[in-house]
Structures are given as C-alpha cells and as structure tokens.
Amino acid sequence: MSETIPNYRIQGATGDWEVVIGLEVHAQITSKSKLFSGAATAFGAEPNSQVSLVDAAMPGMLPVPNRECIRQAVRTGLAIDAQINKWSRFDRKNYFYADLPQGYQISQLFHPIVGEGAIQISLDDKNPDDKTKTIGVERIHVEQDAGKLMHDQHPTMSYVDLNRSGVALMEIVSRPDMRSPAEAGAYLRKLRSILRYVGSCDGNMEEGSMRADVNVSVRKVGDELGTRTETKNVNSVRFVMATIEHEANRQVDVIEAGGKIVQETRLFDPDTGTTRSMRSKEDAHDYRYFPDPDLLPLVLEDDFVEECRASLPELPDAKRRRYETALGLTPYTAGVLTAEVETARWFEALLGETAKAAGKPDADVAKQASNWLVSEFFGALNKLGKGLETSPIQPAGAAELLALIANGTISGTIAKQVLEKMLASGDAAGAIVEREGLRQTSDTGAIDAAVDAVLTANPDKVEQYRGGKEALFGFFVGQTMKAMQGKANPQLINAALKQKLG
Amino acid sequence: MSELTELGVAAIRDGVSTGTFSAVEVAEAFNANVAAAATLNAFIVTTPDKALDAARAVDANRAAGKPLGKLGGVPIGMKDLFATAGVQTTAASHMLEGFIPPYESTVSGKLWAEGAGMLGKLNLDQFAMGSSNETSYFGNVISPWRRSDGGNAALAPGGSSGGSSTAVSARLCPAATGTDTGGSIRQPAAFTGISGIKPTYGRCSRWGIVAFASSLDQAGPMARDVTDCAIMLEAMSGFDPKDSTSLDLPVPAWEAGLNPDMRGKKVGVPVEYRMDGMDADVAASWEQGIAWLRDAGATIVEISLPHTKYALPAYYIIAPAEASSNLARYDGVRYGLRDLPDNAGLQDMYAATRAAGFGAEVKRRILIGTYVLSAGFYDAYYTQAQKVRTLISRDFARAFETVDVILAPTAPTAAFALGEKSADPLAMYLNDVFAVPASLAGLPAMSVPAGLNREGLPLGLQVIGRPFDEQGVLNAGLAIERRAGFTARPEKWW
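Residues numbered from 1 in each chain as written. Chains lettered and ligands numbered in written order. Predicted model: local features only at pLDDT ≥ 70, side-chain atom pairs only at ≥ 80, totals over all residues.

Brief notes about the overall build of chain A
Of regular secondary structure, chain A possesses 15 helices and 16 strands. On C-alpha atoms alone, chain A measures out to a radius of gyration of 30 Å, which is more than a quarter above the 23 Å that the 2.2 N^0.38 rule sets for 502 residues. Once the C-alpha set of chain A is aligned to its principal axes, its extents read approximately 90 × 55 × 55 Å. The 502 residues of chain A split such that 42% are buried. For chain A, contacts bridging at least 24 residues in sequence account for 69% of all contacts bridging at least 6. (Helix = DSSP H or I, 4+ residues; strand = E, 2+ residues; numbered from the N terminus. Rg over C-alpha atoms; globule rule 2.2 N^0.38 Å. Buried ≥ 20, exposed ≤ 12 C-beta atoms within 10 Å, placed from the backbone. Contact = placed C-beta atoms within 7 Å.)

Here you go:
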C-alpha cells in the first residue's frame, strides 16, 4: 500500500553518498511555572521579572519537581507510543556559564522519563499514507533551560536575564533514521504537530520554544556510519533542512579532498546558509554528570500514567484517517485539515455549525465545508497575510456563509464577494447579503427577460449554437449572469436557456 | 541574674511560662555572656536585639494569656549555615561575607515560630568542611575547655559546628543549632561535653541551609542535655514541601516520650569499631557506657558492621563530589564576592572570585570532588563509593534486625589542640571515623557526654538508632546521661 521514500544522494566525485541525520529537539514544556520552582514562564516579560530564589540559585535553595511538567512529558511520550519509565532520575550536568546560576543543569542522562518511541512521517502530501517512514525516537528527558545573556546593554559588560532559567524543556532525541533534508523537515513538522495536539509545547520556533540540534554524517551506501557533527540550536524547519544540505555537502567535499571529519559542535548562520565550527571534541566540556542529590528518583504511579493517557486528544494521524473514512474527505484534504491542531479545531467547529444549520449529519456537509475551507478560505486569509489564529471570521460566521450557499440564498460566485466583505468589515454574511442586495434571484420572469435580451443581442452566436457550436452555451450563461449582476440562480438560467435555444 | 545562664532549655521554657522570670531577663543574661566571650570567637555576628525582640514578644504573649510556643523565651545560637532573613549569612566564608539573605531557612523559621530568639550567628568550619573549626574565614573558635595539665593550649571545639559546641558549653546559649554531614554535630558535642543529635536524614528541612553535601546534610540541635535536645528537635523537625528529600511523617512528641528504662532493649556493640591502637580512655569510656546501659536493663549484643572500614573513604568521595557541584553557584555573578580583575573575561572572573572566596580546605574538597566525578574516573570512584554506601546501609539494617540501638564512641580521641592536625588533612579526616557510617546510612545518631579523660577533657558516647527512631536514640542517651552524672564544665578563663 505504501510506497517507499526515494533515495536522496549527494553526487560526489567518487560516487554517491548517503546522508545520516539524527535530531535532538528541545521543546519548551507548556506550563505556568518552571520545572523546579514556582516562577512564571510567560514569554517576553521584563528581564529578571520571573525569577525565584531557586532559579537564581541562592544559597540553600532546593528544587522541587513541578507535577504539570512531568505530566506533559509523559503525555508526549504516550503520544509517540513510547515506553514510559515508571522510575527515572534527575542528574546534574556541571559546567560554568553566566546564564547557568546553579553551575549545573538538572537533566536526565542516565534514566530518562520516556524511552523508545516512534514517529511516522510521510513525504507525499497528496496521499499521506504513501511514502511513509518510521523515525525512531530514542528517548525523551526533561531538563532545565538556561537564562540568557544580553550583550547590548552596556559598553563593557554583559547582562544576564534569568527569566528563562529553570524553564522546563523536553529533549526529544531521534534515532539516526533520517536520510534527507526533506525527511528531517517532515519529522520536525510532524513532531511539532504532535506536540501542539498534545498541548505539551507550543512549537513556536521563532520564540525559541522549540529548537533542534542537528547531527549529520555521510557515508558511502552500505558503509559504516561516518563521523558526525552536531549543529546546535537551529530554530526553524527551513534552517534545519539548510543545515543538513550544507553540512552533508561540506562533509563530502572534505572527505573527497582527502580530509577527515572531526567530531565537533557547529553553528548555523542563517545569513549565509552555512555552518561553522564552534568547538571540537578535544575542548568539549567534561560535564561530570551525577545523580542530583537534592532530588529523589521520580516514581510514576500507574494511575498517573493512565490519567495522562486518558487525557490525550485524538492525534493527527488518527484524525486524518477518521476524516477520510467517516467524513469521506480525500487524503489530501484530510491531511491539510489535520496537520495543525488549530486547523482541525477550526474545521470541526465549522463542520458542527454547518451540520446544525443544515439539519444534516456531519458526513453530509463535510465535503462542502472542507472544500470551502481549503480552496476558498485559506486563500482569502492568505491574501490578507493572516492565518486561522488571527482570522477576523470565526467558525460560526463561516457556517452562516456556507448555509447561505447551501440553501440557495447566494451563488458560489457571490459567496466569494461576501467572504471578502466579511474579512474586510467583520460583518456577518447574512447582513452583508441583505445590505448589498446580493440575494440570489429565482424570479423566473426576470431571468426569462434577461435570457431573451441576451439572445436578441447576439443573433449571430445563437445561429452558431444552433449550428452545433454547443460550447457557446457557457457564453450565454455568463452574459445572462452578468446582466443580472451575478445574482441569478444558475440552475434557472440553464433551464431557461435550454428551453429557449432548444 | 547570671544564674539564669545556668539554666537549660526546659528550665527556661518552664520558668518563663510560670513567670518565675521574664523572657527579657533571660535574653539579657545570655546577651551579656555572649558579649563577654568574644575571646572564644564563637559568634560571627551577635544579634542581641533579635534576642530581646523575641523575648519581649514572648513576655507580651504571656501577659496576654496567649500560647508561648515550645521554646517560648529560650534564646539560642544559630549556626551561620542557616539563612536568616536580614542577618548576614556567611557559611564562615569570605565568599559570602556580607551576604544578607532575603529569606529565612525552614528550620530557623520554625524555631522563631516556637518562641525562640536569636543571640547571633555561630562560627563554623567554612562551608561546614572541617573537624576543628580551623577552616573558618573568620578565625577559629576556641574551645572553653583546657587540659588539666596546667598548660594553656588552645583546644579545638570540634567541627564543623564548633561555634555551637563552644557557645553551649561556655553557657553563651542554652542550645544551638548544628548541622551534621559526617559528624559535624556529634564530634563537637563530644569535644565540649554537651549533647547533640543528628536526626534521620529528611527529618529537618534542608531548605535555606547552605548546602555542603546534599545527600548527607542534616540539621539537628546541640544542648546541655538529652531532654533539651528532644525539645529543640521537636521544634526543628517536620515535613517541608520545599525540600524534596524531606520526610513526610508526623513529628513524634519526643520530650513526652523520654524514658531511660532500657529493659527489654538490645544494644549492639560493633566489633569493627574496636580499632587497633584505640585511645585507652576512649576504650574505657565505651566499656563504661556498655555497663551503664546494662545497668539500665538493656541486653548487650556484639554485632558486626563489616564494611565499616570503607565508610571514611566512601564519605570522602561522595561528600566532596556533591560539594564540588553544590558550590559551583558561588561564581561572582549574582551575589557574594566578585573579584573582577582589570580586563577580565568571564573565566577570569570565575577564577579570581573562587580563588579569593574559598579557603584551602574548601578548595581541596572541590578539587577532590571534581576529580572523582570526571570522565574516566567516575565509575572507579563515585560509583564504587555509592555501592559502598549501600553496603554500609545494609550492614546497619541487618544489625537492627537484632538490636534496637548501637553504642559506640563518638570520636577516636578527645579534643586536640588547635594547629595539631591542621597540616595533615588525613589525620583530621580520621577524627570522623565513628561518625561517618551513620551519616552515610542516614540514621539518627547522638552524642552524649560520658566523662572526662585523664587530661580532664570530655569524651562522648554515640548512640545510633533505626531510621525514624529518634526516640530510641534519645532514650538510650538519657539512660547514659542519668548514670554518667556528667557535671564537669570548663572553668571560665575568657
């Protein structure tokens, strides 16, 4: 049933090279307070306004795990069918930096809370069940984020903002299962989609609440794994793909020129689309990991895990398949509507309202609603530079418009105009139709008169039509509709024309 | 009024409660003793006004017929490892000199809530690392005790709670807080002829106590006798949601449960603690302790704690490992000392700050700890030490299947002279040999005075109990106390 993904190869001077990619994604856990303190976590707050005594590592302060952060990590693990480790433990990763008040990050090296799981990706938007691949997730662990240095506040000193210090992160570590930039992009988008469905991370890469460390190596097909480099903190899907593209080609060039890849940490420069060395393995830190003696092992009760499981929403793949089977949508439309949880939510609200207005089951109006959403509404919003989250129209308002089409009050053509006016004014569809007199007319007298006028004005074309040039029928429809300012019921125009021409 | 300073915790509490004397009179008397004892260097800062304010509040409550608290009117000394809001908290380090926390440690807060007042912040070994108080940045505490040989050698008050032991022993306060990581309550108590108990790990919240080694640090009281320790411990203990390692158990009424009758109890005497070349006076005092407990009705059982000899090496891996990480926060960035040489970068600031802010012993332990956690050595040191720790806990668990408490000396010698061991860290570490095993196992353990050695210096006996059985420890301690009749005290020379 499912096709495999085509091979991605880099053509080198010595032959084809395969690229091996693994991603470590840092996802900020959605939670009102930090991993080990009660301080708030809102984005964009005044520097150092969300810092507790614990976050500032004052003498004698102790971490206490935040239950909500643990819950979100477990829910995320369950959402990717991962093993949940009922016994996990926090470790200290020791290093000195000004944005790290404790002098160590509390993380989970030895015993992560989530073990082996998997994420299914697809490279075919038209049919998401085709060209699929399963990407292994080795583990998810929770850890503290660091603060932020500000270098532009003082001529000779750097300032530290500790608002982010201690915020909870999930580190989601994939297996080195990806083989192309496209696969890595699909994995990241799918992961972000799942996180947003679950509600454990807002996936907002621009604000830094999701970022990826990109591990890349190259090898001749069938060879052992090559030496990898790790490009840190890449903060968009596009940049991750560019990192892989550049890094893989760079590595092939180095090897083919007789050089060796050194295991090192690199940085991606978005301005040039290239990576550069940050530090090599030789001067890598010795983090002196050891179990955090301030914290007891984290033991999860079965009930807690079950509560987490029960709280999971329908996830994107399941939802997409349900849209296909229960609502009869095409795989493509179902894929578009379920890729982002906000889209699915919007669609389901629209579907509910539309079905209610029509007094029909969801499945009967699903096609109309989904087609309108995908082919009309997204385009119109896009033109305004808006998305669903900033849309001036809510699902109930859109349902009103769809109902007007469905019950013949307006035609599809008029509906486009009404939509534009709704977006511009924020007014309701019905009000716009009444105010602007856009109601579709089924007045057969007026339609007949208009048809007669069109036929009278175009005797030559009537002649040609009757002579067999049937394509001209559309011309007569168009002329009649134009004469009636688009408001005539198209079925009635068709009928009148057929009768008078026939 | 000087006789008020002869009173202990229970007597002061009862006297204030019955109106025999006022809390202010008590505070004034102790304030005067503190002021007159600057030579002993027991306090880093004194807070006579705090003591008086608390006393006035207690007197006012009494006048108003309100409850006075478990420690109403009792002024105490606070080890300068406990954060005290608005009062300098240094851990006896240059690093935190001048640091005034905006928060109060859980334990000190509980004591104030029970009506205690603060006479001052007590000196200690820097970051609680030491057994003689010689590592304090603010100069060593001098024990009030002197040898009976007529010499005036200044003696160590023990460590790290040496300010606490000296202050209680010299009648500068009726009780003090201590902390015990590897004997820091028990050894100084033994050196100065007072009582001190380290409860089960987790009984007292660690929140607001400057951390040395998190898995071992435990607060506890030091006082003149077992009853006073019980009263203090009741006020200091209790579950604290701010400390993940805090025990979520009710606090027993230890004072009310005190009972020196040891009939039906079994007392274990570990053969491994009988070491070659043991100090004869210490060995004799241990024998005396055995006889006293037998006299109190206990059955004496010889037990084996086979991994005892590995306890000290394991301790000196685990404690420095944790310390090396716990002390990383003192980096000059946010509070405390900052040494910023000209044109210094971040790394230079760290180096200069930590070089200037930490004393030699603290640096030694940070280096040891960093080494044992480093890549390639972790398994050989830290992992092995943790295994040893498990074996030591198991030794105790096995022993406690047959015995109720264990009796041992607190320290291998009586107090030594200042300077005598400071050049030899290993000799210094050996002083903790009897104290460390109970710390590694997280067990409640206390030291009570047993008598004087031939030099006229106090010796302590140590009682180790099952987890959570502070009552059993206190009761055995009380049985010893009743029979020892220890009334010796240092002659005032300061």
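Focus on the overall build of chain B
Of the regular secondary structure elements, chain B holds 15 helices and 11 strands. Relative to the compact-globule value of 23 Å for 494 residues, chain B shows a C-alpha radius of gyration of 21 Å, a close match. For chain B, the C-alpha atoms occupy an extent of roughly 65 × 55 × 50 Å along the three principal directions. Looking at chain B as a whole, 61% of its 494 residues are labelled buried.

Remarks on the packing of helix 8 (residues 362-383) of chain A against helix 9 (residues 395-406) of chain A
Residues and elements named next belong to chain A. Relative orientation of the contacting elements helix 8 and helix 9 amounts to 110 degrees, with a least axis distance of 11 Å. What the angle tells us is that helix 8 and helix 9 run roughly perpendicular. The crossing of helix 8 and helix 9 is right-handed. Taken together, the residues of helix 9 that come into contact with helix 8 (itself represented by Gln368, Ala369, Trp372 and Phe377) are Ala398, Leu402 and Ala406. Among the residues making up the contact of helix 8 with helix 9, the classes are represented as 6 nonpolar, 1 polar and no charged. (Axes fitted to C-alpha atoms, helices over the stretch in contact; angles between N-to-C directions. Parallel < 35°, antiparallel > 145°, perpendicular 65-115°, else oblique. Left-handed = near helix turned anticlockwise from the far one by under 90°. Nonpolar A, V, L, I, M, F, W, Y, C, P; charged D, E, K, R; others polar.)

Some points on the sheet that holds strand 5 (residues 104-107) of chain A
Residue and element names in this part refer to chain A. Taken together, 3 strands build an open sheet; the order of strands is 5-4-15 and the sheet is antiparallel. At either end of the open sheet lies a strand with only one pairing partner, and these are strand 5 and strand 15 (290-291). Looking at chain direction, strand 4 (residues 91-94) and strand 15 are connected through 2 bridges and run antiparallel. Residue pairing for strand 15: aspartate 91 is matched across the bridge by proline 291. (Pairing = 2+ DSSP bridges.)

A look at the interface of chain A and chain B
With 26 residues of chain A in contact, the opposing surface of chain B contributes 34 residues. Grouping the constituent residues of the side of chain A that touches chain B by class yields 18 nonpolar, 4 polar and 4 charged.

Structural notes on the domain arrangement of chain A
Many analyses report the size of an interface as the accessible area lost when the parts associate. Residues and elements named next belong to chain A. Under the domain assignment, chain A is made up of domain 1 (14-286 + 296-309), domain 2 (314-436) and domain 3 (444-501). Between the C-alpha centres of domain 1 and domain 2 there is a distance of 36 Å. Counting residues at the interface gives 11 residues for domain 1 and 10 residues for domain 2. The leading source of residues in the side of domain 1 that touches domain 2 is helix 2 (residues 181-198), at 4 residues. Partitioning the side of domain 1 that touches domain 2 into residue classes produces 4 nonpolar, 3 polar and 4 charged. (Domains from an automatic or database assignment.)

Section: unusual backbone geometry
That bond from B:Gly159 to B:Ser160 is cis: its omega, 5 degrees, falls within 30 degrees of zero. Checked against the element boundaries, B:Ser160 lands in the loop between strand 3 (117-122) and helix 5 (162-169). The phi dihedral of A:Gln485 is positive, around 50 degrees, even though this residue is not glycine. Relative to the elements of secondary structure, A:Gln485 occurs in the loop between helix 14 (472-483) and helix 15 (490-501). On the basis of neighbour count, A:Gln485 is assigned to the exposed category, with 11 C-beta atoms found within 10 Å. You will see that B:Ala128, though not glycine, has its phi angle at about 65 degrees, which is positive. Structurally, the position occupied by B:Ala128 is in the loop between strand 3 and helix 5.

Side note on the packing of helix 12 (residues 444-457) of chain A against helix 14 of chain A
Residue and element names in this part refer to chain A. Running from N to C, helix 12 and helix 14 cross one another at 125 degrees; their axes reach a closest spacing of 9 Å. Between helix 12 and helix 14, the crossing angle belongs to the class labelled oblique. Viewed along their axes, helix 12 and helix 14 form a crossing whose handedness is right-handed. Along its contact with helix 12, which presents Ala450, Val451, Ala453 and Val454, the element helix 14 presents Phe476, Gln479, Thr480 and Ala483. Broken down by class, the residue content of the contact of helix 12 with helix 14 amounts to 6 nonpolar, 2 polar and no charged.

Regarding the nonpolar core
A:Ala73, A:Tyr187, A:Val418, B:Ile76, B:Ala175 and B:Leu293 are the most contacted members of the largest nonpolar core, which has 260 residues in total. Per element, the largest residue contribution to this core is 10 residues, and it comes from helix 9 (residues 311-326) of chain B. A domain-level breakdown of this core finds at least three residues from each of domain 1 (14-286 + 296-309) and domain 2 (314-436) of chain A. Once residues within four sequence positions are removed from consideration, B:Leu293 is found in contact with B:Met262, B:Val267, B:Ala298, B:Ile300, B:Leu407, B:Ala476, B:Ala479 and B:Ile480. If you look at the next biggest cluster of nonpolar residues, it comprises 11 residues, including A:Val451, A:Phe476, A:Ala488 and A:Ala496. (Core = buried A, V, L, I, M, F, W, Y, C linked by C-beta atoms within 7 Å.)

Re the pairing of strand 5 (residues 195-198) of chain B
Residues and elements named next belong to chain B. Every second residue of strand 5 is oriented toward a common face, with Ser195 and Ile197 on one face and Gly196 and Lys198 on the other, all of them buried. When strand 5 meets strand 6 (residues 218-223), the two strands line up antiparallel, connected through 2 bridges. Across the sheet, residue serine 195 finds its bridge partner in strand 6, namely alanine 223. In the sheet, strand 5 pairs with strand 10 (residues 445-452) via 3 bridges, with the strands oriented antiparallel. Bridge pairing in strand 10 links glycine 196 to serine 447.

A few points about the environment of B:Ala484
Residue and element names in this part refer to chain B. Examined against the element boundaries, alanine 484 turns out to sit in helix 15 (residues 470-484). Note on alanine 484: 18 C-beta atoms within 10 Å, which makes it partly exposed. C-alpha separation for the pair alanine 484 and proline 449, spaced 35 residues apart in sequence, amounts to 7.7 Å. Setting aside chain neighbours within four positions, we find alanine 484 in contact with Trp292, Pro449, Ala450 and Gly451.

Examining helix 9 of chain A
An α-helical turn contains 3.6 residues, so a residue and the one three or four places further along point in the same direction. All names here are of chain A. For helix 9, built from 12 residues, the straight-helix expectation of 16 Å at 1.5 Å per residue is met to within 8% by its first-to-last C-alpha distance of 16 Å. Residues of helix 9 that are buried sit in contact with helix 7 (341-358), helix 8, helix 10 (412-425) and helix 11 (429-436). Looking one or two residues beyond helix 9, the residue adopting positive phi is glycine 408, at roughly 80 degrees. (Expected span 1.5 Å × (residues − 1).)

With respect to helix 8 (residues 280-295) of chain B
Residues and elements named next belong to chain B. With 16 residues, helix 8 extends 22 Å between its outermost C-alpha atoms, agreeing within 8% with the 22 Å of an ideal straight helix rising 1.5 Å per residue. Three or more residues of helix 8 are buried, namely Val282, Ser285, Trp286, Gly289, Trp292 and Leu293. Looking straight down helix 8, one finds that the buried residues subtend no more than 120 degrees of arc, so they occupy a single side. For helix 8, the exposed residues set more than 90 degrees away from the buried face come down to Ala280, Glu287, Ala291 and Asp295. If you follow the buried residues of helix 8, they end up packed against strand 7 (266-270), strand 8 (299-303), strand 9 (405-409), strand 10, strand 11 (458-465) and helix 15. One or two positions beyond helix 8, positive phi appears at glycine 297, with a value near 110 degrees. (Arc of directions from axis to C-beta.)

A word on the environment of B:Pro188
For B:Pro188, the position within the fold is in helix 6 (residues 186-192). According to the C-beta neighbour criterion, B:Pro188 is buried, with 39 such atoms within 10 Å.

Re the environment of B:Ser374
By the element assignment, B:Ser374 lies in the loop between helix 11 (360-373) and helix 12 (378-399). Linking B:Ser374 and B:Val141, residues 233 residues apart in sequence, is a C-alpha distance of 35 Å. The residues contacting B:Ser374, other than those within four sequence positions of it, are A:Asp286 and A:Arg288.

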